Amino acid sequence: MSQLEMFMSNAGPPSAHALAAQRATALRAQLLDHSYRYYVLSQPVISDAEYDALTRELREIETAHPDLITPDSPTQRISDGISEGFAKVQHPQPILSLSNAFDAADVRAWHERIRKYAEQQGISGNFDDLVVEPKIDGLTIVLTYENGLLAQAATRGDGNIGEDITANARTIKSLPLKLRIENEKLKMKNYPNSSFSIFNSKFSVRGEAFMTLAEFEKYNIAALAAGEKPLANPRNGASGGLRQLDPKLTAKRPLSILCYQVLEREPRAKNQDSREEHPALSTQLSTLNYLRELGLPVSPIAQRFDHLEAAIGYAENYIEKRDTLGFEIDGMVIKLNDLVLAKKLGYVGRDPRGAVAFKFPARESSTILRAVQVKVGRTGAMTPNAVLDPVQVGGITISNATLHNYEDIARKDIRIGDRVVVKRAGDVIPYVAGPVLAARTGNEQVIVPPTHCPFCGTELVRNEGEVAIYCPNPDCPGKLDRAIEHFVGRGAMDIEGLGEKIVAQLIDAELIADVADLYRLHKDALRELDKFGEKKAQNLIDAIAASKERGLARLLIGLGIRHIGEVSARDLARHFGSIDTLMQANVEILQQIEGVGPILAQSVVDWFSREGNRALIEKLKAAGLKVTSNEAAMTTQPAVGATPAAFAGKTFVITGALSKPREEIAAWIEARGGKVTDSVSKKTSYIVVGESPGSKVAKAQQLGVTILDEAGLLKMSE
Ligand code: IVH
């Protein structure tokens, strides 16, 4: 009420309570609007901090005036108390499943089948009007709104009767506790003949609850740091979360939801079908739009097509693109857009005829672990590798997978003979996730870490604080492949066309025995090799020659000196300018450089003190490699419109795979005044965590360093 209204109403000044009530209502409306913009439209207009401040204000009012609390208040998502079990809930209509197609031919067969069926039954309609949606790998939730307020959430159960998990579903932040009523009212004005409204009946919606990959990783990082059991996969995380008897535990693993179906209640008033009665519900596409308008999250990538092949093409695209979504999908769903037609077609068993799941190859499978082979890395680290019974994972056959390290094997208690779970995501190399304990027979053998290098017999060492065991022999022949692969890799000398196989071929043919030999390769020698023609040989020679100009920083990375990362390589190159000066530096001089600690300094001195390494440098120089600093090529100019000082005074550590090479991200941070270092310390302000991060995250957590993902980093720069 404005001052003027107060005066006119003659009601005297409103009480503190009335003012508080007014403010609480306004705050709730604002918060509802902001979470809609954030979760449904992905277009937030305020920052997280501002959102938190509004929530705090509301909470303070509600603490002072508990009678003002409403069930749809955003402060009321997590309820107190532990329930003893879940009550049974009858679904308004059977919760159907989907029939599966495993490739494009299966999808075409489905389409053909339902067309024929329709013809036989005298049903007509447009079968080429299709909607394609992601098939979210989560759990179905049935939501019921009464008068626009979330009244109940239930699991699928047996399809007819589910379990009441309302308290847990309320913790899903993107799920509105209240629908956007204004939009419904507006919409109904457009349909004067329709008596259907979400407000004159219970309104039930079906959605899929899931854990995003970011939340899954965050949860597991924290669980590992706290010595707790990590989640096996996001799906288990979501299903376990929804089954907690204490909603506070559900809230600890934040879930998301995407809605895709309006369920009907039978018998309906006037025995009518809402799809015929309410034009907004007559097609799948308009249903999705309608749900979005009501404030419910729907998939941002659902699309309509007007012929089957286009729909198949779109679905198939996501086999490659599934990793860009941020949540796991196990396929795409192709649905007839005309829901009236779909309903007429009915279902077979539990599968509606009007839709089909185009399933993608599973990225997780299980097989038997037959043996463990040791591979030696370029640093001498021993990597245990699993020899597996061949199994299909993510569409390719896998018979080898990494076991990371021996500590991991012991922690997960992986044994030879075990049935093990093998995973592969995107271009991540396949790895053994853990044993299937229920499949143990008792004949499995514990895996014992080696004590001596299988390649040179040297006794292996383990550095304090590290999990890996190393072969300390600098000339160990087992290291050669990896050392060369590292040298030619993208972050280092970046020699195109020199993959693992060709490196092995060159070593086997005794054409190379160290990295400098690459620069002495002759086209004629290459042409003698299997599968090498004139063109391929020339391309490789050209690519090798081009790499001579990469400069000192890249060369330092390529040489694989322990503890030198992209950041320290650049610092060293910038500081010393040439390899000759660097080679003469002692530990004290090296440590004068910011970011260079005693371990790195010692490692550099040790490396250059070895006769073999000094000879290698001479050989590289003789081959014409540029051994001076090339810094200009490595620094990125700040982007137009960037705030150069956004990161001033802040120190960052980057771990895991981000969307761009780490070097580029580091340059981007530096262009904004930040500093990037290789290791986490008390001085670190932020750790930027990408996919498959390393042990740095646990350390950051111990030290209380703020953890950011790439999106968080971008946001900070604004
Ligand atoms: S439609 C009549 N659409 O996949 C409607 N289901 O394998 C039938 N699922 O039980 C379901 N994303 O839990 C549909 N966009 C989507 C979906 C989806 C995930 C799940 C759902 C269903 C299962 C079938």
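As the structure is a prediction and not an experimental result, all values here were calculated from the model.

**Here's the deal with empty space enclosed by the protein**
Phase 1: Within this structure, the stated rule accounts for three cavities of 30 Å³ or more.
Phase 2: One number sums up the size of the second largest cavity: a volume of about 40 Å³.
Phase 3: In terms of lining residues, the second largest cavity is bounded by E133, P134, I136, L258, C259, Y260, L288 and S299.
Phase 4: Elements with a minimum of two residues in the lining of the second largest cavity: β3 (130-136) and β8 (256-263).
Phase 5: Its residues assigned to classes, the lining of the second largest cavity comprises six nonpolar, one polar and one charged.

**Description of the environment of K699**
Phase 1: Structurally, K699 can be placed in helix α26 (residues 696-703).
Phase 2: As a C-alpha pair, K699 and V680 span 19 residues in sequence and 6.9 Å in three-dimensional space.

**Quick look at the confidence of the model for the protein**
Phase 1: Averaged over all residues, the pLDDT of the protein equals 87, while 91% of them reach at least 70.
Phase 2: Note that pLDDT drops below 50 for residues 266-271; the model gives that stretch six contacts with residues more than four away or on any other chain.
Phase 3: In this model, residues 632-642 is a region of pLDDT below 50 whose contacts with residues beyond four sequence positions or in other chains number ten contacts.

**Observations concerning the sheet that holds β8**
Phase 1: With antiparallel pairing, four strands are arranged side by side in an open sheet as β5-β4-β7-β8. The open sheet has two edge strands, β5 (149-155) and β8, and neither has a second partner. Averaged over all pairs of adjacent strands, the angle between their axes in this sheet comes to 30 degrees, without regard to strand direction.
Phase 2: Direction of pairing for strand β4 (residues 139-146) relative to strand β7 (residues 203-210): antiparallel, over a ladder of seven bridges. Its bridge partner lying in β7, L139 is registered against A209.
Phase 3: Where helix α11 (residues 284-293) meets the sheet, it contacts β7 and β8, and its direction lies at approximately 125 degrees from that of β8.

**A few points about the site of the ligand**
Phase 1: Close to the ligand lie 15 residues; E133, K135, T140, R206 and K335 are nearest.
Phase 2: Y260 has a polar side-chain atom sitting 3.5 Å from a nitrogen atom of the ligand.
Phase 3: Coverage of the ligand by the protein chains reaches 88% of its 530 Å² of free accessible surface.
Phase 4: Counting only elements with at least two residues in the shell around the ligand, the list comes to β3, β7, β8 and β10 (329-336).
Phase 5: With four residues, the single largest contributor to the shell around the ligand is β3.
Phase 6: When grouped by side-chain class, the residues that make up the shell around the ligand number seven nonpolar, three polar and five charged.

**Concerning the environment of T166**
Phase 1: Its location among the elements puts T166 in helix α5 (residues 166-169).
Phase 2: Sequence spacing of T166 and K335 is 169 residues, and the spatial spacing of their C-alpha atoms is 29 Å.

**Describing the nonpolar core**
It is characteristic of soluble globular proteins that their nonpolar side chains tend to be buried jointly.
Phase 1: F487, L518, Y519, L572, F608 and L620 are the most contacted members of the largest nonpolar core, which has 55 residues in total.
Phase 2: The greatest single-element share of this core, amounting to six residues, is contributed by helix α19 (residues 552-559).
Phase 3: Those residues in contact with Y519 that sit more than four places away from it in its chain are F487, M493, I495, I544, S547, K548, L620, A623 and L625.

**Concerning the sheet that holds β3**
Within a sheet, adjacent strands bond to each other through the backbone by hydrogen bonds, running parallel or antiparallel.
Phase 1: Strand order in the open sheet formed by five strands is β2-β13-β10-β3-β9, and the pairing between neighbours is mixed. The strands lining the two open edges of the sheet, one partner per strand, are β2 (99-101) and β9 (303-305). Neighbour to neighbour, the strand axes of the sheet diverge by 35 degrees on average, direction disregarded.
Phase 2: Judged from the seven bridges that link them, β3 and β10 form a sheet pairing that is antiparallel. Its bridge partner lying in β10, P134 is registered against M332.
Phase 3: Across the sheet, helix α4 (residues 104-121) touches β2, β3, β10 and β13 (355-359), and the angle it forms with β13 is around 170 degrees.
Phase 4: Along the sheet face, helix α12 (residues 308-321) touches β3, β9, β10 and β13 and points at about 165 degrees away from the line of β10.

Conventions and cut-offs
- Residues numbered from 1 in each chain as written.
- Predicted model: local features only at pLDDT ≥ 70, side-chain atom pairs only at ≥ 80, totals over all residues.
- Heavy atoms only, no water.
- 1 Å grid on protein atoms, 1.4 Å probe; cavity = no way out; pocket = protein on both sides within 12 Å on 5 of 7 lines; lining within 4 Å.
- Points joined across faces, edges and corners; volume = space filled by probe spheres on them.
- Helix = DSSP H or I, 4+ residues; strand = E, 2+ residues; numbered from the N terminus.
- Nonpolar A, V, L, I, M, F, W, Y, C, P; charged D, E, K, R; others polar.
- pLDDT = per-residue confidence, 0-100.
- Contact = heavy atoms within 4.5 Å.
- Pairing = 2+ DSSP bridges.
- Axes fitted to C-alpha atoms, helices over the stretch in contact; angles between N-to-C directions.
- Near = heavy atom within 4 Å.
- Polar contact = N/O pair within 3.5 Å; in protein donor to acceptor, adjacent residues only side chain to side chain.
- Areas by Shrake-Rupley, 256 points an atom, 1.4 Å probe, with all protein chains shown as cover.
- Core = buried A, V, L, I, M, F, W, Y, C linked by side-chain atoms within 4.5 Å.
- Buried < 20%, exposed > 50% of the residue type's maximum accessible area, 1.4 Å probe, protein only.

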